[in-house]
Number of protein chains: 2
Amino acid sequence: MPSDTLTPDAAARESGASSVVIVGAGFAGLTLARQLSRRHAVTLLDRRNYHLFQPLLYQVVVGAISPGEIGVAVRGQLRHRPNVRSLEAEVFDFDAVGRILNCGAAGGAAFSLTYDTLVVATGMQDHYFGHDDWAVHAPALKTLGGGLRMRARLLGALEAAEAAAARGAPSEEVERLMSVVVVGGGPTGVELAGAIAELSRTAMAGEFRYLDPDDLRIELVEGEPALLNGFAPRLQKHALRGLERLGVNVRLGTMVRAVDADGVTLAGPDGEMRRAAAVVFWAAGVRPTELAGAVAAAYGITPERDGRLAVDGRLALAGHPEVHVLGDIAAYVDPRHGRLPGVAPVAKQQGAFVARLLDDRTRAPFRYRDWGRMAVIGRFDAVAEILGIRLSGRLAWLVWALAHIAYLVGFDRKLRVMVSWGWRFVLGRYAARLITEAR
Amino acid sequence: MPSDTLTPDAAARESGASSVVIVGAGFAGLTLARQLSRRHAVTLLDRRNYHLFQPLLYQVVVGAISPGEIGVAVRGQLRHRPNVRSLEAEVFDFDAVGRILNCGAAGGAAFSLTYDTLVVATGMQDHYFGHDDWAVHAPALKTLGGGLRMRARLLGALEAAEAAAARGAPSEEVERLMSVVVVGGGPTGVELAGAIAELSRTAMAGEFRYLDPDDLRIELVEGEPALLNGFAPRLQKHALRGLERLGVNVRLGTMVRAVDADGVTLAGPDGEMRRAAAVVFWAAGVRPTELAGAVAAAYGITPERDGRLAVDGRLALAGHPEVHVLGDIAAYVDPRHGRLPGVAPVAKQQGAFVARLLDDRTRAPFRYRDWGRMAVIGRFDAVAEILGIRLSGRLAWLVWALAHIAYLVGFDRKLRVMVSWGWRFVLGRYAARLITEAR
């Protein structure tokens, strides 16, 4: 197929609009696209047709909420932004001199795009530290498709365990099916392990005839000596105790040596051990998407050791003020907060900042406004640091719930998540426990 | 693997409970399992872990509702039924003499099951009338996975069309991407075509920069001379006019000659014609699942011409009073209503009837209580025949909406569907327009 070059449409060109191309419709890219004024002819590219509210993705894995409650069609969010066009497309590479992106559209055709300003905000993918063969046995929680496959694997293992117990299979077989290992004790791993424990202990009580869902063995494996790296020690301990109360075996200072179809090999304070497990989930590491490397190569910069791209106070690449890098893949050292973490609030604030910058509403460098951090442990239990105040337990949970509902896009989504959570947290019912994917 | 034989558990055997095995957790099977008294040790088998509210499946295709709103975990529905065990399993064949089923469990192991009473209620699968090669080009609406793939194909075609129009692709290419053909003018085809028209005309208005979603060309193809076979002629005409008002091209008396990757070949009153279309949906025919053939072979009966199995007033097979066949795959001639159609109310009533029968609460033959039939056309427009009263337009729509919400399982599901519909019908917003599957 010929490679067509897309330019801003005629009306935009006549009005002298500058061409802004945004790659990635995550928190940074979507916020920017929605806030840029009509002086800019904006193109928003994403490989998917939806924006994902990733902080709640782990709840899809346990069937507590549906994909439609955390995914929202990008196109629908830009309805009242006639200066923004949304295209489902993949970006292959960049021509820094000609200011051109080469892309593949939905449907397969290749096309090119010219830009005056380029914004790259493609986020992270999972990282197995050189063991990509582990991915098939230990899926990670970065995409909706991954979350749905994890749901199928978790619920499918419980179905298989009940069938195995019913026909009197050897107890090792049932125990392997009833074993879950979550690798990584950051917020994602903690929230996932807690939610799996809640699912089996609360939601599934009384639903099995041959096995007790309380017997589901959940291991949370973390290489550091504490959970929730970066949280205050008191909150780390609260999270540890909370998970243990839910029946999660937390293994600190423990590394994963191997992952295969049968389970994992761990190396911890007590030496090496083998754990047979039908369900292994990966929440241990992320790295920038491949496109970050292509950006570095095209614009002649060296990525940081973790693959992120260093940006200046304008969130632009050194020597390329027309190229902004936002969100998780940006390595920005904030004057007050140091190097910023890859979390949604940073990405949103960076998107809003670049909108102000391009509309000449600011000249000051980017400054992160840190509201804090939080992680939920279980029903009515969370830890949070809000503006320096440390909360744990019910109050932290309430703050967590309100903050997440406030950040969801669309009032209908807020309502539906509230209905789902009402059922989940009050009645212990999980709404979306469907196995729709291959395991 | 060895084939283990599953028997009712020891407690059930001691109490003298009879073993009832139900195959299929659709409307018939789930209703029966939930209503049987504790005198029976019940095993409910299904290939999937969820019960699907199939009448609303077409709304998943247009992204109006989420899978979790119409799918419900079977296990959760049987929480308070300790005499019922639910197993995710596939049934391979039957031994009529030994009263044994041979099955494959989730996880792959083979096992056998003995029964005193067998109930087969496995429903229908799609039927391409000898053209199974059409299935890949024209997916059908029988499973949740199928519905999600259809959603990906429909929304993906619109994304591809926008990208093609943006890069100035030839108009034939854009037109093919903007063409939808729905094959089959029964309730499913009518509802699907109407919902696609609503999606493009209402929900997507203002969301595209290079194409007008109003230009989406929707053909509804029906071999008979009228839509909604079996409805009163006045309602058939109302449906036809309603769809045409929404911009659907209804082609009556038209047969499909070929389906391939590029579109369809139709033969109608005006001769043969070719229609290039990126999206072709199949709603033209169903046939009993393979298992109906296995039942016929094992119990020595000849299926009807359409593959259904004839049952007597007890909904049992001739010569095999211990084998009941329910729902869509049963061919039952009701004294008042003649041969019953394959619809959810028939299946539910048959499930409830067999529960009464096995609990000795009735000896009279099954009689269908026909409340009527309905089909929705678009926003605030439907046709319905309720107890002989013919309704069309807003009142029929209201009856349709209330009836479907009433039939949904679980109050939380009712609430979430009401929220989704509120947004959809009042504000014209579709909540779940996500492309999560391969196209």
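Residues numbered from 1 in each chain as written. Chains lettered and ligands numbered in written order. Predicted model: local features only at pLDDT ≥ 70, side-chain atom pairs only at ≥ 80, totals over all residues.

Quick look at the interface of chain B and chain A now. On the side of chain A, 51 residues touch chain B, which itself brings 52 residues to the contact. Secondary structure elements with two or more residues in the side of chain B that touches chain A: strand E1 (4-6), helix H4 (67-70), strand E5 (71-73), helix H5 (74-77), strand E6 (84-95), helix H6 (144-166) and helix H13 (411-427) of chain B. If you tally residues by element for the side of chain B that touches chain A, the top one is H6(B), at eleven residues. Of the residues contributing to the side of chain B that touches chain A, the split by class is 26 nonpolar, eleven polar and 15 charged. (Contact = placed C-beta atoms within 7 Å. Helix = DSSP H or I, 4+ residues; strand = E, 2+ residues; numbered from the N terminus. Nonpolar A, V, L, I, M, F, W, Y, C, P; charged D, E, K, R; others polar.)

With that out of the way, let us pick up the environment of Leu315(A). Residue and element names in this part refer to chain A. Position of leucine 315 relative to the elements: it lies in the loop between strand E19 (309-310) and strand E20 (316-317). Using a count of 23 C-beta atoms within 10 Å as the deciding quantity, one classes leucine 315 as buried. Sequence-wise, leucine 315 and proline 365 are 50 residues apart; in three dimensions their C-alpha atoms are separated by 8.2 Å. Residues within four places of leucine 315 in sequence aside, it is in contact with His324, Val325, Leu326, Ala330, Tyr332, Gln350, Phe353, Val354 and Phe366. (Buried ≥ 20, exposed ≤ 12 C-beta atoms within 10 Å, placed from the backbone.)

Next up on the list: the environment of Thr188(B). Residue and element names in this part refer to chain B. Along the chain, the position of threonine 188 falls in helix H8 (residues 187-203). Note: C-alpha distance between threonine 188 and tyrosine 58 (130 residues apart in sequence) is 7.3 Å. Not counting chain neighbours up to four residues away, the residues in contact with threonine 188 comprise Tyr58, Leu141 and Ala283.

Residues and elements named next belong to chain A. With antiparallel pairing, three strands are arranged side by side in an open sheet as E25-E26-E27. Only two strands of the sheet have a single partner each, and these edge strands are strand E25 (372-378) and strand E27 (389-393). Taken over all neighbouring pairs, the strand axes of this sheet differ in orientation by 5 degrees on average, direction set aside. Across five bridges, the pairing between strand E26 (residues 381-386) and E27 is antiparallel. By the bridge assignment for E27, valine 383 is matched with serine 392. The strands touched by helix H12 (residues 394-407) are E25, E26 and E27; relative to E26, the strand with the most contacts, the crossing angle is about 75 degrees. (Pairing = 2+ DSSP bridges. Axes fitted to C-alpha atoms, helices over the stretch in contact; angles between N-to-C directions.)

Another point: the domain arrangement of chain A. A common way to express how large an interface is: the accessible area buried when the components associate. Residues and elements named next belong to chain A. Domain parsing of chain A yields domain 1 (4-126 + 287-370) and domain 2 (132-283). The straight-line distance from the C-alpha centre of domain 1 to that of domain 2 is 34 Å. Counting residues at the interface gives 14 residues for domain 1 and 17 residues for domain 2. At the level of secondary structure, the elements contributing two or more residues to the side of domain 1 that touches domain 2 comprise helix H3 (57-61) and strand E10 (124-126). If you tally residues by element for the side of domain 1 that touches domain 2, the top one is H3, at five residues. Its residues placed into classes, the side of domain 1 that touches domain 2 shows nine nonpolar, four polar and one charged. (Domains from an automatic or database assignment.)

What follows covers the nonpolar core. A general feature of soluble globular proteins is that nonpolar side chains tend to end up buried together. Residues Ile22(A), Val182(A), Val183(A), Ile22(B), Val182(B) and Val183(B) are the most contacted members of the largest nonpolar core, which totals 309 residues. With residues near it in sequence (within four places) discarded, Val182(B) still touches Gly189(B), Leu192(B), Ala193(B), Ile218(B), Leu220(B), Val221(B), Phe281(B) and Ala283(B). (Core = buried A, V, L, I, M, F, W, Y, C linked by C-beta atoms within 7 Å.)

Expressed as a screw operation, the relation of chain B to chain A combines 0.0 Å of axial shift with a rotation of 180 degrees, fitting to an RMSD of 0.0 Å. The transformation just described matches what one would write down for a two-fold rotation axis. The C-alpha atom lying nearest the rotation axis in chain B is that of Arg416(B); the distance is 2.9 Å. Both copies contact each other with a shared surface, as 98% of the interface residues of chain B are interface residues in chain A too. (Least-squares fit on C-alpha atoms with pLDDT ≥ 70 in both.)

Before going further, it helps to examine the packing of helix H2 (residues 27-35) of chain B against helix H11 (residues 344-358) of chain B. All names here are of chain B. Packing of H2 against H11 leaves a shortest axis separation of 7 Å and a crossing angle of 30 degrees. By the angle class used here, H2 and H11 are roughly parallel. Helix-helix and strand crossings are classified by hand; for H2 and H11 the assignment is right-handed. In contact with Phe27, Ala28, Gly29, Thr31, Leu32 and Gln35 of H2, H11 contributes Ala344, Ala347, Lys348, Gln350, Gly351, Ala352, Val354 and Ala355. Class assignment for the residues of the contact of H2 with H11 results in eight nonpolar, five polar and one charged. (Parallel < 35°, antiparallel > 145°, perpendicular 65-115°, else oblique. Left-handed = near helix turned anticlockwise from the far one by under 90°.)

The next thing to look at is helix H9 (residues 233-245) of chain A. Residue and element names in this part refer to chain A. With 13 residues, H9 extends 18 Å from end C-alpha to end C-alpha; this agrees with the ideal 18 Å at 1.5 Å per step. Of the residues making up H9, those classed as buried are Leu235, Gln236, His238, Ala239, Leu240, Gly242 and Leu243. Of the surrounding secondary structure, the elements contacted by the buried residues of H9 are helix H8 (187-203), strand E12 (217-221), strand E13 (248-251), E25, E26 and E27. After H9 finishes, the residue glycine 247 shows a positive phi value of roughly 95 degrees. (Expected span 1.5 Å × (residues − 1).)

As a further point, take unusual backbone geometry. Look at Phe380(A): it is not a glycine, yet its phi comes out positive at around 60 degrees. Structurally, the position occupied by Phe380(A) is in the loop between E25 and E26. Residue Asp360(B) is not a glycine yet carries a positive backbone phi of 55 degrees. Inspection of the secondary structure puts Asp360(B) in the loop between H11 and strand E25 (372-378).

All names here are of chain B. An order of E25-E26-E27 is seen for the three strands of this open sheet, with the pairing classed as antiparallel. Among the strands making up the open sheet, the edge pair consists of E25 and strand E27 (389-393). Within the sheet, the average angular offset between the axes of one strand and its neighbour, ignoring direction, is 5 degrees. For E25 and strand E26 (residues 381-386), the ladder comprises six bridges, and the chain directions are antiparallel. Bridge pairing links methionine 374 to alanine 384 in E26. The sheet contacts of helix H12 (residues 394-407) involve E25, E26 and E27, and relative to E26 the element is tilted by about 75 degrees.

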